[in-house]
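# Summary of the model geometry
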Amino acid sequence: MEQSQSLDELLKLLKGERDEQRLAGLLLVTKICKGDDHESIRKVYEAVGPQFLDRLLRTGMGKGATGSTAGANRDAYLQLSVTVIAAFCRVPEIASSGDMISKIPLIFEVMPLGSCTPVLAECYEFLFLVSTASDDGVMKFYGSGGMNVLASQMPTLPDGSQSLDLAIKLAQIIISKVTIPKVMLDYPLKLLSLVATMARQFAIVHNALKFELLSFLTAVLSTQFPAPLREALWSMTDNNWPGYVRVGVIAILQNRVGPTEKLQALILAESMMSIIGEGWLIDQTALPDVQELPPAERSVLLVLESARVEVSVLLNEIAYLKYEAATSSQITDTMQQKQRNVATSFSLVERIIKLVSNIGSKEDTGIMSGSTFSKVISGLNETVGVVLDYLQDAREHKQKKGDDLLASVRLIGSYLAEAPDACRGKVEELLEYMLSVEGEDETGPFYSICFLLPMLCQITMDDYGCKALISFGGHKTVVQYLVKIIAEKKMAGDDDTILLACDTVMNILLKKEQLHVVMDESTIIDLLVALAYWTEHSEESSDIMMASSICSLLFDYTSEKALLRHPKFDKNAYTLLFKLMRRSLTKCGEAMLEEKNEESDLQEIITAGYSRWSDRFPSIKGAVER
């Protein structure tokens, strides 16, 4: 009853004819109307009217009455008007009204005036409430220069203040409603400034706001940046933002958090290593406001363990959805999301493989102890075993097409390139299948072969690996891949990929006699023609000697007469091949007068081959002996 009487008295004051009465009523608003009493707030708002509020706000800003009384009370009017407006906006219908949305630019003008005062906190509360109440509010905030306000003010707001908390939430609202690509286009440098500010808060905040920061950083940093902006992001390393992100990520992963937050932390970690490099995970640069950095060893183990668990769980769920669950559009959407998530975990595992490889190649770095190194290797072996089981399941279900399968092959190839003897039995059993896997948009296996090439190059250095590959004709698959990549130049960095394929073919051909390697005439012709055209305009000695070595070994299978009468072997190809062999044999002759060099092994292969097949290739023999 007493509350009702107080509200009635308040309404009478607000409806009074004189400004003094209304001002007196406004002073009582925040005392009588509680934040959750929407009905009372709505009645008060209707009583005071938008025009009086607007006039009071402008007076406080110095834009209204200019009399001596108004000037003397300007600060009080400003404080009162912002306080009351923020209180009214706790009712969503009022916050979403055109009247309140139209006040956003005025509030932006008030904010510098009220810097580091209670007015500023209430300005941020108003902006937050209006922006969360409707899409129109968000767009007005953004279109009126909200990004400029946030980027300029956030670095100066006190840690733990309500203003900073609300500013962080406003930034999160912008990227979720306006979209990151648009913000990136409109305010690229402001967005980067926010990243730096948010990163520091992400490291030092230890409450629920940490998850807001995680969401913001994950969304922004996992976006594909244009090259200039990516370079600008890279150059921001002076302000320590990557280190702050690392501290925050490790804090999330080492505490009990929900699966969504853990996945976001992994996505953020993968994005950071994509931007900064794998060394980000073990960086120990001192950071202001951070007393103790997470040790490098713990960081590696935490990220690997978290990614390993995700891989195991997600692959099991994807396999169930693929092979056991009834198909529906909802299940398809769920599976696609899980496939995207597992791709992130795969990428993290691959980056840790690269990181560990780099650490292992440096002597006495002190970065990782022997016991930690063993734990990492054990975790990687277990993960690779899980992925191989997933591929085994797919093979049994006669599935060989899908980006998830291709990503699985890529991870296997990345690890086995560093540890070719790992999981040897399973790898040998699945090698033929893995070489047949196709991406969703491929018309045949190509990238799977590319991903496995470093491993194939390693295992074919011994008889066991060669036998495993030859047993199902895998050597012909590698030859066909080599011919295709030379002909089509499909990939960036083709030269390195071509040389890997050449090394693999070379390893096999060097063992052709003891392993009884069979090469059909069509395969030989295709490869000879490809190598001839590949080196036609090359001045690289390594390319010329590699191609000539393979050709020298292939000549053991054929003759000049057989080549020239084959319909696929055109005259121009033979002319190029003739020139290639003459160039390489000339180099071999010159090298005999010099000391042993890095191409000596290739030179020996060429000259030894020449002694075996020269009589069958009179054109080459005649040119050399002349």
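Residues numbered from 1 in each chain as written. Predicted model: local features only at pLDDT ≥ 70, side-chain atom pairs only at ≥ 80, totals over all residues. Heavy atoms only, no water.

## A word on the overall build of the protein
- Assigned secondary structure in the protein consists of 34 helices and zero strands.
- Considering the protein as a whole, with its 626 residues, one finds that 52% of them fall into the buried category.
- The contacts in the protein between residues at least 6 apart in sequence include a share of 74% that link residues at least 24 apart.
- Roughly 28,700 Å² of accessible area belongs to the protein as shown, and the carbon and sulfur atoms make up 50% of that amount. (Helix = DSSP H or I, 4+ residues; strand = E, 2+ residues; numbered from the N terminus. Buried < 20%, exposed > 50% of the residue type's maximum accessible area, 1.4 Å probe, protein only. Contact = heavy atoms within 4.5 Å. Areas by Shrake-Rupley, 256 points an atom, 1.4 Å probe, with all protein chains shown as cover.)

## Quick look at the pattern of salt bridges
- Tallying each qualifying case throughout the model produces 24 salt bridges.
- The partner of Arg90 in a salt bridge is Glu125, with the nearest N and O atoms 3.0 Å apart. Linking Arg90 in the loop between α6 (74–88) and α7 (92–95) with Glu125 in helix α10 (residues 118–133), this pair joins segments that are 35 residues apart in sequence.
- Judged by its relative accessible area of 32%, Arg90 is partly exposed. (Salt bridge = Lys/Arg side-chain N within 4 Å of Asp/Glu carboxyl O.)

## Some thoughts on the side chain of Ser559
- In this structure, Ser559 sits in the loop between α30 (541–554) and α31 (560–565).
- With a relative accessible area of 18%, Ser559 lands in the buried category.
- Setting aside its immediate chain neighbours within four residues, Ser559 contacts Arg616 and Phe617.

## Considerations on the environment of Lys561
- Along the chain, Lys561 turns up in helix α31.
- Of the residues examined, Lys561 reaches a relative accessible area of 62% and is grouped as exposed.

## Brief notes about the packing of aromatic side chains
- Within the structure shown, the criterion is met by 10 aromatic pairs.
- When the ring of Phe569 is compared with that of Tyr574, the centres are 6.0 Å apart and the planes differ by 65°; the resulting orientation is edge-to-face. Just as Phe569 is buried, Tyr574 falls in that class too.
- Ring centres 5.6 Å apart and planes at 85° place the aromatic pair Tyr610 and Trp613 in the edge-to-face group. With a gap of three residues between them, Tyr610 and Trp613 both fall in helix α33 (residues 600–613), about one helical turn apart.
- Trp613 sits in the buried class, given a relative accessible area of 0%.
- Here the aromatic residues Phe446, Tyr447, Phe451 and Tyr481 are joined through ring pairs into a cluster of three or more.
- The side chain of Lys169 reaches across the aromatic face of Phe128, ending 5.9 Å from its centre. (Phe/Tyr/Trp six-rings, centres within 6.5 Å; stacked < 30°, edge-to-face > 60°. Lys NZ or Arg CZ within 6 Å of the ring centre and 35° of its normal.)

## Quick look at unusual backbone geometry
- At Thr179, a position not held by glycine, the phi torsion is positive, near 85°.
- Relative to the helices and strands, Thr179 is located in the loop between α13 (162–177) and α14 (180–186).
- Owing to a relative accessible area of 37%, Thr179 belongs among the partly exposed residues under this scheme.

## Thoughts on the environment of Ile168
- Following the sequence through the fold, Ile168 ends up in helix α13.
- Residues Ile168 and Leu150, spaced 18 residues apart in sequence, show a C-alpha to C-alpha distance of 8.5 Å.

## Structural notes on the environment of Ile318
- Mapped onto the fold, Ile318 is located in helix α20 (residues 296–323).
- Apart from residues lying up to four places away in sequence, Ile318 is in contact with Met335, Lys338, Gln339, Val342, Tyr390 and Asp404.

## Brief notes about the confidence of the model for the protein
- For the protein, the average pLDDT comes to 86, and 87% of its residues sit at 70 or higher.
- At the low end of the mean pLDDT range in the protein sits helix α5 (residues 68–72), at 50; at the high end sits helix α11 (residues 135–143), at 96.
- Long-range and interchain partners of residues 1–5, a stretch whose pLDDT sits below 50, account for one contact in this model, where long-range means more than four residues apart. (pLDDT = per-residue confidence, 0-100.)

## Topic: α33
- Between the first and last C-alpha of α33 there are 20 Å, a value that for 14 residues agrees with the 20 Å anticipated at 1.5 Å per step.
- Within α33, the full set of buried residues consists of Ser600, Leu602, Gln603, Ile605, Ile606, Gly609, Tyr610 and Trp613. (Expected span 1.5 Å × (residues − 1).)

## Brief notes about the packing of helix α17 (residues 227–234) against helix α19 (residues 259–276)
- Here α17 crosses α19 at 95°, and the two axes come no closer than 10 Å. Taken together, α17 and α19 sit at an angle that is classed as roughly perpendicular. Here Arg230, Leu233 and Trp234 of α17 lie close against α19, whose contacting residues are Ser274, Ile275 and Ile276. (Axes fitted to C-alpha atoms, helices over the stretch in contact; angles between N-to-C directions. Parallel < 35°, antiparallel > 145°, perpendicular 65-115°, else oblique.)

## Considering helix α3 (residues 38–48)
- Along α3, the residues that are buried comprise Ser40, Ile41, Val44, Tyr45, Ala47 and Val48. End-on, the buried residues of α3 take up no more than an arc of 160°, which puts them together on one face. (Arc of directions from axis to C-beta.)

## Description of a negative patch on the surface
- On the surface, Asp495, Asp496, Glu539 and Glu540 cluster together into a negatively charged patch.
- Here Asp495 lies in helix α28 (residues 494–509).
- When its relative accessible area of 42% is taken as the criterion, Asp495 is described as partly exposed. (Patch = residues over 30% accessible without salt bridge, like charges linked within 9 Å, V, L, I, M, F, W, Y side chains within 5 Å. Lys, Arg positive; Asp, Glu negative; His and termini not counted. Charge placed at Lys NZ, Arg CZ, Asp CG, Glu CD.)

## Focus: the side chain of Ser163
- Residue placement: Ser163 occurs in helix α13.
- Residue classification places Ser163 among the buried positions, given a relative accessible area of 7%.
- Leaving out residues up to four positions away in the same chain, Ser163 has contacts with Leu120, Ala121, Tyr124 and Leu157.

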